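Inside the fold
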Amino acid sequence: MLEWRALSALAEMATVVVTGPDRGFLGTGFYVAPRTVLTAAHVVRGQVGGLTVHSATRGETEPCKARVRSVLHTEEQPGGMIPVEQDLALLELVDDPGDHECVWLTDLAAWHGGRLTAYAHMHEPGTRQPVMWSAALDVNARTGPYGLHLAPAVEIPQGSSGGPLVDSRGDVVGMLKARRQGGGGLGVLLSALRGFGPEYQRMITEHDRWHGTRPLEVRTTTWTREQQLMFPDSDGRFRADGWTPQDRRTAFHLLASFPHPDTPATVVELVRKAMDGQPVFPGPIGIYPELQAWRDGHGLLGERTVPRPAALHLRYLWLVAQHLRTLGGAEALLDWVDQRAQSLDDLGLLRRLQGRTARPRPARPAGGAPAPQPCWTSGAALLVGVSSYTHLPDVPSIRNNLDDLSALLTAPEFGIPEERVKVIADPVNDKDIHDVIDDLVEQADPSHGAFLLYYAGHGRSHPEHGRLLLSLAGSRQHRAHSYWAFDKIRDHISECGLPVRLVLLDSCYSGSALDMLSGLTDSSVAIGGTYVMTSSGPTEPSAVTAGRNTAFTAGLLAALRDGVPAAGPVLDTETVYESIRTYCESRNLPHPSRQIRHDGARIPLMPNRAHHPQESR
C-alpha cells in the first residue's frame, strides 16, 4: 500500500484527528461514510459532547463539530481495557465537512494474512498540530475472531488508536486499537462492525452509495479506480471471467438500494445456493460472522477463493435479485447481472438470465401516456452524425443512431415537435450546421425552451492545444483545418440564450470538450442548466459495437426507451448518465464523462418507463 502512492494519499485524506471539548488531542479516526467517522471507543470514552474532527481538505485542517452516534462498548476488562470486539465508536459530524474522502471497507469477515499498512495521527510534545504517520506492519498472532497482534518491529506512536489498517488489496480490514511499549500493538478486524446491527446497516449503505457515485474517469483519482489499477493482468486489463474492483463497486451500489436481509440465515442459504450446495466458508474460528447486509454474503464468497471468479458472484447477485423481486426495484440489478454475464462462459447462469430477459417492457401507467416535459415541448434538437467518409473509415451504425434518436425525441413522451428536430447526416462543412442551430434556437421558447445538440462521428484532439475536433464527411486524418472545432460549438451554444442546454458527444476523445463553460466568469453569461455528456475521456477512443448502434448511444437509448428501475417518475440527465456508465462498465467499454453547470444535473428528459408508483410509496 505504501508503494501505491495514489491510494496511500486517499487513505491519508480519509484519516482524521479527533479532539475533545478543550481541543485536546484524543486520537485518530477515519471516514467510513459521508459525515461518519469510525474511531476506537476508548478514544471518546466519557465524551458526551464537544468533540471536533479535523480532516485534511485541500491541504488544510478543517475542524468540524461531531457527536458520538453509537458505541459498541458495554463492558470492561480488568484494568479498564475494552474488549477488542467492542472497542469501536461511530461519530457523526454536526457541521458540514464538504466533499471528503471515504475509505473502502472490506466485505470479507476474515483476514487471510499479509502485511498491513497503518495510518494515524501523532502529536509530539512541542508541536502545534498532529502530523500524519504511516507504517507497514506485520501480524504475528491472532486473538479470537477480531484481535490482531501487530509485530514489535515498528514503534506505534501515541494517538494512533482509531487509525485504519489497509491490506495489500487496498481494502480497509481493521483499526488500530492500542500500542505497546517497546513496539507493536493491537488491531481490531472490522467484521466486528456488524455488532452495531442497524447502525452498521445504515453506515454500510451510505458507504456503498457514496463509492457507487464517485466518478471513474481517467483524470479522477478514486479508491475503486486505484484498486482497479493495482492488480490487472499482464496486458493491463482484468480477465473477463475475473471479478474486478469496479464490478464489486457497481454491485454494492445496486445492493444498497434494497432492504437489508431479514435474517443471517437467508444470506447463508443464498451463498450456499450460489456455490451449488458446497459448505460455506466458516470464518476464522469455525463460526459465521453475523451477516447484516447483502454485501456480507458477497464477502463470504470471497473467503473461499482468490482471485474471485465473476460467475460465482453473479450467481449470488442473481439469487438476491430473485429473492427481492417481489419488493420491486430488482430489475436494475438483474439488468446489470445480465450485461456482465454476457462476457462469461457460464451457460447455467446465462440460461437463467435468458428466461427473464424476454420479459415485456413495464406497462404504462393507467390513464394514457405520461405528459412530456414543458422544456422539451417548447424546445428543439439538432442531431449531427457522420457515418460515411471520403478519407476516414465509415461508421454505418451512426446512421441508425440518428434515426433512432430522432424517433425517440419526437415521440409523445419526449415531446419535441417534429419540425423542431433536425437531422444533419454526413455534413461537409460546419457553416450549414451553425445556420440550422440559429434557426432552431429562434423557434424555441426563449423563456422555457431547452436545446439538445447530439453529435456522433470520429473525433481527435488538436495537435497543438489539445482541443476537441469533430470530423466532417471530408475530414482527413492529419489536417486539423478539415475538422469542426468544438470551440465553435462551445461559443455558439453558450450564447444561444436558451435557459436549458444539453450537449451529447459520441466520439473519440470527446472528454476534451468538458471545458465548455469553464472559461465563463462573467455572471451575465453564467446561464444555468447546462449539461455536457461525452462518450469517453479526453485521451480515450470510443467503442463502436457490431450491433445497431454505437456503444454510448446504445446505452443512452436503453435508458430512455426502457427506463431506469428504482429511479423516480421522470428521468433527468444525471440518472441517465449513471445508467449509461453502468451499461459501459458491464461491457468493459470506455466510461462516459460529463460536465454540469448550475442546475444541469436536474434537467428533466422524459417519463421513466420503468417507474411504478407503488415502488416509491
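As the structure is a prediction and not an experimental result, all values here were calculated from the model.

Description of the environment of Trp 104
Position of Trp 104 among the secondary structure elements: in the loop between strand E6 (89–93) and strand E7 (116–122). Taking relative accessible area as the criterion, Trp 104 reaches 1% and is therefore assigned buried. The sequence separation of Trp 104 and Tyr 31 amounts to 73 residues, and the corresponding C-alpha distance is 9.5 Å.

Looking at the nonpolar core
In this structure, Leu 88, Leu 105, Tyr 316 and Leu 317 are the most contacted members of the largest nonpolar core, which totals 82 residues. In terms of residue count, the dominant contributor to this core is helix H7 (residues 310–324) (10 residues). Sequence-distant contacts of Tyr 316, defined by excluding residues within four places in its chain, comprise Val 267, Leu 270, Val 271, Ala 274, Trp 294, Gly 297, His 298 and Leu 301. Ranked by size, the runner-up nonpolar core spans 41 residues in total, among them Val 395, Leu 405, Val 500 and Met 533.

So, the pattern of salt bridges
Opposite charge on two side chains allows them to pair when their charged atoms are near. Evaluated as defined, the whole model comprises 28 salt bridges. A salt bridge links Arg 214 to Asp 99, with the nearest nitrogen and oxygen atoms 3.5 Å apart. In this pair, Arg 214 is assigned in the loop between helix H2 (198–212) and helix H3 (223–230) and Asp 99 in the loop between E6 and E7, connecting sequence segments 115 residues apart. Since its relative accessible area comes to 22%, Arg 214 is described here as partly exposed. When its relative accessible area of 52% is taken as the criterion, Asp 99 is described as exposed.

Quick notes on the side chain of Glu 574
Tracing the backbone through its elements, the reader meets Glu 574 in helix H15 (residues 573–585). A relative accessible area of 19% places Glu 574 in the buried class. Engagement of the side chain of Glu 574 in a polar contact is seen with the side chain of Tyr 531, the distance being 2.8 Å.

Describing the sheet that holds E7
A sheet is described by the order of its strands in space; here 7 strands give the open sequence E8-E7-E11-E12-E13-E10-E9, paired in antiparallel fashion. Single-partner strands in this sheet number two, and they are strand E8 (131–137) and strand E9 (139–143). Neighbour-to-neighbour, the strand axes of this sheet turn through a mean angle of 30°, independent of strand direction. Sheet topology places E7 next to E8; 7 bridges connect them, and they run antiparallel. In the strand pairing of E8, His 121 is matched with Met 132.

Observations regarding H3
Counting buried residues along H3, 7 of its 8 residues qualify, which places the element largely inside the surrounding structure. Among all positions in H3, only Trp 223, Thr 224, Arg 225, Glu 226, Gln 227, Gln 228 and Met 230 are buried. Where the residues of H3 are buried, they touch helix H1 (5–14), strand E12 (172–179), H2 and helix H4 (245–255).

About the criteria used
Each chain has its residues counted from 1, following the order in which its sequence is written. Predicted model: local features are reported for residues with pLDDT of at least 70 only, side-chain atom pairs are reported and counted for 80 or more only, and whole-chain, interface and lining totals are derived from all residues. Derived side-chain values reflect all non-hydrogen atoms in the structure, with water molecules and hydrogen atoms excluded from consideration. Numbering goes from the N terminus for both helices and strands, where a helix is a DSSP run of H or I of at least four residues and a strand is a run of E of at least two. Note on classification: 1.4 Å probe, protein chains only; a residue is buried when its accessible area is under 20% of the maximum for its type, exposed when over 50%, partly exposed between these limits. Put simply, buried Ala, Val, Leu, Ile, Met, Phe, Trp, Tyr and Cys residues joined by side-chain atoms within 4.5 Å make one nonpolar core. Contacts are assigned to residue pairs with any non-hydrogen atoms lying within 4.5 Å of each other. Any Lys or Arg side-chain nitrogen found within 4 Å of a carboxyl oxygen on Asp or Glu counts as a salt bridge. We define a polar contact as two N or O atoms separated by no more than 3.5 Å, with the added condition that, inside protein, one atom must be a possible hydrogen donor and the other a possible acceptor, whereas residues neighbouring each other in sequence contribute only through side-chain atom pairs. Strand pairing requires that DSSP identify at least two bridges connecting the strands. Throughout, an axis means a line fitted to C-alpha atoms (over the contacting stretch in the case of helices), and angles, computed between N-to-C directions, take values from 0 to 180 degrees.

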